[in-house]
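Summary of the model geometry
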Amino acid sequence: MPRRTKGLLNQLIKLPIQLSNLFLVVCFILLLAALPLVIQQSEGKISIRFLYFLLGYDYLKGIFDGSAFLFSTGRFTYSIWEQIPQYFFNTLFYVATSSILGILIGFPIGILRYKKRFSKSQKFLFFLNTIPDFFLIMILQISVVSLTQYTGIRLASIAMVTRLPLLLPIFVMSFYPALYLIRQISHATYEVTSQDYILFARSQGHSRFKIFIKQVIPALLHTLSADIAKVTLLVLSNVFIAEQLFRIMGITRMMFLWGFRQPNPFGGGGYQYAFVVNCLLFILVLYLIVSNFLQLSVRLLIKTRGA
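Description of the structure in this document. (Residues numbered from 1 in each chain as written. Predicted model: local features only at pLDDT ≥ 70, side-chain atom pairs only at ≥ 80, totals over all residues. Heavy atoms only, no water.)

This next bit is on the overall build of the chain. Along the chain, the regular secondary structure elements total ten helices and six strands. Each of the 307 residues in the chain was classed as buried or not, and the buried ones make up 40%. When contacts within the chain are restricted to residue pairs at least 6 apart in sequence, those whose partners lie at least 24 apart make up 71%. When the accessible surface of the chain is summed, it comes to about 18,400 Å², and 67% of that surface belongs to carbon and sulfur atoms. (Helix = DSSP H or I, 4+ residues; strand = E, 2+ residues; numbered from the N terminus. Buried < 20%, exposed > 50% of the residue type's maximum accessible area, 1.4 Å probe, protein only. Contact = heavy atoms within 4.5 Å. Areas by Shrake-Rupley, 256 points an atom, 1.4 Å probe, with all protein chains shown as cover.)

The next point concerns the packing of aromatic side chains. This model, assessed by the stated rule, comprises 14 aromatic pairs. Ring centres of F71 and Y78 lie 6.1 Å apart, and the angle between their planes is 35°; on these two criteria the pair is classed as tilted. The partly exposed category is assigned to Y78, whose relative accessible area is 30%. Plain terms: the ring middles of F240 and F256 are 6.4 Å apart, the flat faces sit at 75° to each other, and that makes the pair edge-to-face. (Phe/Tyr/Trp six-rings, centres within 6.5 Å; stacked < 30°, edge-to-face > 60°.)

By the secondary structure assignment, Q195 is in the loop between α6 (167-193) and α7 (196-203). By relative accessible area, which is 38% here, Q195 ends up partly exposed. The spatial distance from the C-alpha of Q195 to the C-alpha of V216 is 10.0 Å, given a sequence separation of 21 residues.

With that settled, consider helix α9 (residues 251-259). Most of α9 is tucked away, with seven of its nine residues classed as buried. Buried within α9 we find I251, T252, R253, M254, M255, W258 and G259.

Attention now moves to the nonpolar core. Counting residues in each nonpolar core, the largest one holds 78 residues, and the members touching the most others are Y59, L220, L224 and I251. Those elements giving two or more residues to this core turn out to be α1 (3-38), α3 (80-112), α5 (133-151), α6, α7, α8 (208-245), α9 and α10 (273-305). Here this core gets 16 residues from one element, more than from any other, and that element is α10. (Core = buried A, V, L, I, M, F, W, Y, C linked by side-chain atoms within 4.5 Å.)

A few words on the packing of α3 against α6. Interaxial distance between α3 and α6 falls to 7 Å at its minimum, and their mutual angle equals 35°. When the axes of α3 and α6 are compared, the crossing they make is right-handed. Of the residues contributing to the contact of α3 with α6, the split by class is 16 nonpolar, eight polar and no charged. (Axes fitted to C-alpha atoms, helices over the stretch in contact; angles between N-to-C directions. Left-handed = near helix turned anticlockwise from the far one by under 90°. Nonpolar A, V, L, I, M, F, W, Y, C, P; charged D, E, K, R; others polar.)

Time to look at the environment of M160. Considering the arrangement of structural elements, one finds M160 in the loop between α5 and α6. When the C-alpha positions of M160 and R247 are compared, they lie 5.5 Å apart, and in sequence the two are 87 residues distant. Apart from the residues lying within four places of it in its own chain, the contact partners of M160 are P165, F246, R247, I248 and M249.

We now examine unusual backbone geometry. Of note in the backbone geometry, R247 takes a positive phi value of approximately 55° without being a glycine. Classification of R247 by relative accessible area gives partly exposed; the value is 47%.

Take a look at the structure:
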């Protein structure tokens, strides 16, 4: 059977599995968005109101008449399609840029440090990985403000005012994926370089540079391909905190600002289930776009290298 035909058959076999997984994720989002209403605390007691899980059914019905895509901000009602593009693309920019930078930094450093997996500097890097992202953001913001006060030099923006802050948010969101890849790739590099065919190539007199280019890096690309989903999820998990603390008008900040509004005397407000579901679905779309783009890029590199 030709390789191209075999690959097409494999994709057709995987398609129903991928669709079923996507369906389960959507069902999970519908249930997850209902939890703030399902779990209620009153007079020190917690009660579970399971009927609110049926809001998922109302949301699905609202797709056909358009009510599922409406949300209120005080006395005004908007369609999510009018507001979502700007916030969606802001978050997409940060997630895509941070994921790519995390890979471009973590992959080569992981290769270079494969013999120093247990060094003090490596342990220090892993210690940095234990620092919570919100704490790191606060340290960076305080440092930038202090530097500006003492020197008059504005190194970076600490929050969004008229334009998107770039340096600090992208650094924070790419920092943890880079540390993760350094650990994974350094360990994988050590294992690959210990293989018999690598040792044989060395005994044949091939240079270390040539061995890494021809043998080691193509093997490591498969490890990187398996870690793409984890890298994207690490960036997305940081987006929730980064958009709040840097006041970035992205889709997660939009969700918390308008999805969890308190009722006001002019009407409107309160928890908006459909709006929260829509935001979570767009975050899922973000994940699919970025992870599939990165996966495709790595696979093209694998084919180019003949790995």
